Amino acid sequence: QVQLVESGGGSVQAGGSLRLSCLFSGGIFSINAMGWYRQAPGKQRELVADIRSGGSTNYADSVKGRFTISRDNAKNTVYLQMNSLKPEDTAVYYCSSGYYSGKYYSPRYWGQGTQVTVSS
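Each chain has its residues counted from 1, following the order in which its sequence is written. In keeping with the model being predicted, local features are shown solely for residues with a pLDDT of at least 70 and side-chain atom pairs are shown and tallied solely at 80 or more, while totals for entire chains, interfaces and linings include all residues. Only hydrogens and water are set aside when side-chain values are computed; all heavy atoms of the structure are taken into account.

Q: Explanation requested: the state of the cysteines in the structure shown.
A: Any pair of cysteine sulfurs within 2.5 Å is marked as a disulfide. Tallied over the entire structure, the rule returns one disulfide. The residue that forms a disulfide with Cys-22 is Cys-95, at a sulfur-sulfur distance of 2.0 Å. The sign of the S-S torsion, about -85 degrees, decides the handedness of the disulfide formed by Cys-22 and Cys-95: left-handed. Note that Cys-22 is positioned in strand β3 (residues 18-25) and Cys-95 in strand β9 (residues 91-101), a separation of 73 residues in sequence. A run of DSSP states H or I qualifies as a helix once it reaches four residues; a run of E qualifies as a strand once it reaches two. Both are numbered from the N-terminal end.

Printed below as a string of structure tokens:
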């Protein structure tokens, strides 16, 4: 069965950076689209960024220019580099694997989540 394990979360000051990693196992990583979601207290879960098997990417408007999603197929790993962090980025971040229905990313499997806290 597919398993996704996140790492790299933690607490940082506003303006700082973190890199999240997600290790995929139990399937063929290279044919899967991957996505990062986040959920802040009292808010809906939000798709932050996604990446196709071929490497094309999409970002939520709130993170464009600050976050970068990438993948390393040799390591079965997807990354989320987060720069210029803001307090409003505070959330639990979830890794997912999935597919596209046209332009829209849809998750199949989820990681357990990792907390990111940005202090002012």
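Q: What am I meant to see in the sheet that holds β3 here?
A: Here we have four strands laid out as an open sheet, ordered β1-β3-β8-β7, and antiparallel in their pairing. The open sheet is flanked by β1 (3-7) and β7 (67-72), the only strands paired with a single partner. Strand-to-strand, the axes of this sheet are offset by a mean angle of 15 degrees, without reference to chain direction. Here, strands pair whenever DSSP counts at least two bridges between them. Pairing analysis gives six bridges linking β3 to strand β8 (residues 77-82), with the strands arranged antiparallel. Note on geometry: axes are lines fitted to C-alpha atoms, helical ones only across the stretch in contact, with angles between N-to-C directions running from 0 to 180 degrees.

Q: Before we go on, may I ask you to explain the pattern of salt bridges in this structure?
A: Side chains that differ in charge, positive against negative, can pair when their charged atoms come close. The term salt bridge refers to a side-chain nitrogen of Lys or Arg lying within 4 Å of a carboxyl oxygen of Asp or Glu. Tallying each qualifying case throughout the model produces four salt bridges. Between Arg-38 and Asp-89 there is a salt bridge; the shortest N-O distance is 2.9 Å. Separated by 51 residues along the polypeptide, Arg-38 in strand β4 (residues 33-39) and Asp-89 in the loop between β8 and β9 bring together distant segments of the chain. Each member of the pair Arg-38 and Asp-89 is classed as buried. Two residues, Arg-66 and Asp-89, come together in a salt bridge whose shortest N-O distance is 2.7 Å. Of this pair, Arg-66 sits in the loop between β6 (57-59) and β7 while Asp-89 is found in the loop between β8 and β9, placing the two residues 23 residues apart along the sequence. Note on exposure labels: buried denotes an accessible area under 20% of the residue type's maximum, exposed denotes more than 50%, and partly exposed covers the range between, all computed with a 1.4 Å probe on protein chains only. Relative accessible area serves as the criterion here: at 0%, Asp-89 is assigned to the buried category. Counted as one network, the salt bridges with shared partners bring together Arg-38, Glu-46, Arg-66 and Asp-89.

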